[in-house]
2 protein chains.
Amino acid sequence: MVRFMASKVRLYVEHPLGEGQSVPLTREQAHYLFGVMRLGEGDVISLINSRDGEWDASVEKAGKKGGILLCQAQTAPLQLPPDLWFLFAPIRKERTAFIVEKAVEMGAAKVMPVQTDFTQSVNRVRQDKLQAHAVEAAEQCGGTFVPPVDDLAKLSAVLKDWPADRQVMFCDELLIGDPVALPDLRGPWAILIGPEGGFSPAEREMLRGLPFAHPVSLGPRILRADTAAVAALTVWQQALGDWT
Amino acid sequence: MVRFMASKVRLYVEHPLGEGQSVPLTREQAHYLFGVMRLGEGDVISLINSRDGEWDASVEKAGKKGGILLCQAQTAPLQLPPDLWFLFAPIRKERTAFIVEKAVEMGAAKVMPVQTDFTQSVNRVRQDKLQAHAVEAAEQCGGTFVPPVDDLAKLSAVLKDWPADRQVMFCDELLIGDPVALPDLRGPWAILIGPEGGFSPAEREMLRGLPFAHPVSLGPRILRADTAAVAALTVWQQALGDWT
């Protein structure tokens, strides 16, 4: 006999969560829960809000334009990711969404799309869409924290205002074949994934001149940007993050 | 000024490659090169065949139903992946294609879709489609080797005939939060990624009883199967593969 997994619907809300707390639903949330997922009064879902962990909540009122949930009990504590920013150059729309999803799953504290010299600017990057992908990734993967997604900014501008105590692991295609080495420095970090096509010579020179930037190889093969994202997050989490 | 990357078209063929070797094209290949990519006689592309490395080849004859290429010079030697099999439980169609792509990019020598107790059998797994994804991944990522993709087989049957000298790293959701530890055993290996929903209790018991199977945690968060695939390949390549 096969055991089927009955997974509870998980929903991210802005509202505080706590025992006996009632949570009003937006029109979109009501549509999703009662229209798409066909839930009704008395049904129980999981709520997260990036602050209070995960809570069971029952549907108290279900309407077409809204509704009310009632928090029952905390089912998981808040699990914050390490203090890791994730910078990447947006690529094609679908893969950009994918990179955001992976950054959330792998435990980034903040997601920062950056415009590099070789970033294709074919698609406008919509912060609200990317943030929605981050929410969905946390909802689907059991996360209790949704990292904020910044607006697209120029890499040069981001690095100009960079906090001096935050190290950057930058993944450089030119290092292909070199050993994968990450300096054993604790504290805040960031990962920077270049665009497909790599960094420009000017960017590479600038990065190499920054005392907090550390070039890291991701093995002997050329990786797509989305693969490099997960691989880099794995390397960092294993060496300096919460995998140990 | 932005420098644009002009990347040569790369094509996988079955034919031997070598200096002065002429390579006939199938109808599909001719359609791709001359119809889709708009190439013509005199244009130069890259060829790979999993055996002879990468070769520059010029278009000698371009037709609607076929054509002939002529090998000029080797541009890269054959780069074989480590002796690593990659076993995974197929999930939704799009993500299954994605997992195959990632296994190729990250350097697996063989891709083996396996049917587990909790594998969703909604979509039939078509070996030819998955093999085509593997070819495309190698073509697009500069690889010179395309791993063979096996037909779907039952996990229990695959493990029954397992070669005793091949270790298996199996990624077990139940280990979430444990340290990521891979025994330092050299030689042939395999990675086994379970389905979303995890292994069944019976499978877990079976796996734990096999002397060559090593349960490995992939950090404190629940990962989707495609994320777990890249993360596991990264862990393995770093510890025992060709990243060092």
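Parameters and conventions
Residues numbered from 1 in each chain as written. Chains lettered and ligands numbered in written order. Predicted model: local features only at pLDDT ≥ 70, side-chain atom pairs only at ≥ 80, totals over all residues. Heavy atoms only, no water. Pairing = 2+ DSSP bridges. Helix = DSSP H or I, 4+ residues; strand = E, 2+ residues; numbered from the N terminus. Axes fitted to C-alpha atoms, helices over the stretch in contact; angles between N-to-C directions. Contact = heavy atoms within 4.5 Å. Least-squares fit on C-alpha atoms with pLDDT ≥ 70 in both. Buried area = accessible area lost by both parts, 1.4 Å probe. Salt bridge = Lys/Arg side-chain N within 4 Å of Asp/Glu carboxyl O. Polar contact = N/O pair within 3.5 Å; in protein donor to acceptor, adjacent residues only side chain to side chain. Nonpolar A, V, L, I, M, F, W, Y, C, P; charged D, E, K, R; others polar. Core = buried A, V, L, I, M, F, W, Y, C linked by side-chain atoms within 4.5 Å. Buried < 20%, exposed > 50% of the residue type's maximum accessible area, 1.4 Å probe, protein only. Domains from an automatic or database assignment.

What follows is about the sheet that holds strand 1 (residues 10–12) of chain B. Residues and elements named next belong to chain B. Read from one edge to the other, the open sheet built from five strands follows the order 1-3-4-5-2, with strand pairing classed as mixed. This sheet does not close on itself; its edge strands, each paired only once, are strand 1 and strand 2 (22–25). When strand polarity is set aside, the average angle formed by the axes of neighbouring strands in this sheet is 40 degrees. Pairing of strand 2 with strand 5 (residues 67–76) involves four bridges; the strand directions are antiparallel. The residue bridging P24 from the neighbouring strand is I68, located in strand 5. Strands in contact with helix 1 (residues 27–36) are strand 1, strand 2, strand 3 (44–48), strand 4 (54–62) and strand 5; relative to strand 2, the strand with the most contacts, it is inclined by about 95 degrees. Taken strand by strand, helix 3 (residues 127–140) contacts strand 1 and strand 3, and its axis lies near 145 degrees from that of strand 1.

Superposing chain B onto chain A requires a rotation of 180 degrees together with a translation of 0.0 Å along the rotation axis, leaving an RMSD of 0.0 Å. Such a combination of turn and shift is consistent with a two-fold rotation axis. Most of the interface of chain B is mirrored in chain A, where 100% of its interface residues again form contacts.

Here we come to the interface of chain B and chain A. With 40 residues of chain B in contact, the opposing surface of chain A contributes 40 residues. Counting each side, the surface lost to burial between chain B and chain A is near 3400 Å², with a carbon and sulfur contribution of 55%. Together, R221, R224 and W243 of chain B form the three largest contributors to the area buried by chain B at its contact with chain A, with a combined 21%. In this structure, D226 of chain B and K102 of chain A form a salt bridge, with 3.1 Å as the shortest nitrogen-oxygen distance. At the boundary of chain B with chain A, the tally comes to 22 residue pairs in polar contact (both at pLDDT 80 or more). Sorting the residues of the side of chain B that touches chain A by element identifies helix 2 (93–105) and helix 6 (225–239) of chain B as the ones contributing at least two each. Broken down by element, the side of chain B that touches chain A gets its largest block of residues, eight residues, from helix 6 of chain B. Class assignment for the residues of the side of chain B that touches chain A results in 20 nonpolar, nine polar and 11 charged.

Right, let's talk about the sheet that holds strand 2 (residues 22–25) of chain A for a bit. Residues and elements named next belong to chain A. Read from one edge of the open sheet, five strands run 1-3-4-5-2, paired in mixed fashion. Here the strands that pair on one side only, and so sit at the sheet edges, are strand 1 (10–12) and strand 2. For this sheet, the mean inter-axis angle between neighbouring strands, taken without regard to orientation, is 40 degrees. The sheet strands contacting helix 3 (residues 127–140) are strand 1 and strand 3 (44–48), and the helix crosses strand 1 at an angle near 145 degrees.

Formed by 81 residues in total, the largest nonpolar core has its most connected members in F86, M169 and L218 of chain A together with F86 and M169 of chain B. Setting aside residues up to four positions removed in sequence, F86 of chain B forms contacts with I99, A103, A108, K110, V111, M112, I191, I193, A229 and L233 of chain B.

Residue and element names in this part refer to chain A. For chain A, the assigned domains read domain 1 (10–76) and domain 2 (84–239). Between the C-alpha centres of domain 1 and domain 2 there is a distance of 33 Å. In this assembly, domain 1 packs against domain 2 so that about 660 Å² is buried in total across both faces, 58% of it on carbon and sulfur atoms. Linking domain 1 with domain 2 are zero salt bridges, by the criterion used here. Ranked by the residues each element gives to the side of domain 1 that touches domain 2, the list is headed by strand 1, at three residues. Tallied by class, residues from the side of domain 1 that touches domain 2 come to three nonpolar, two polar and three charged.

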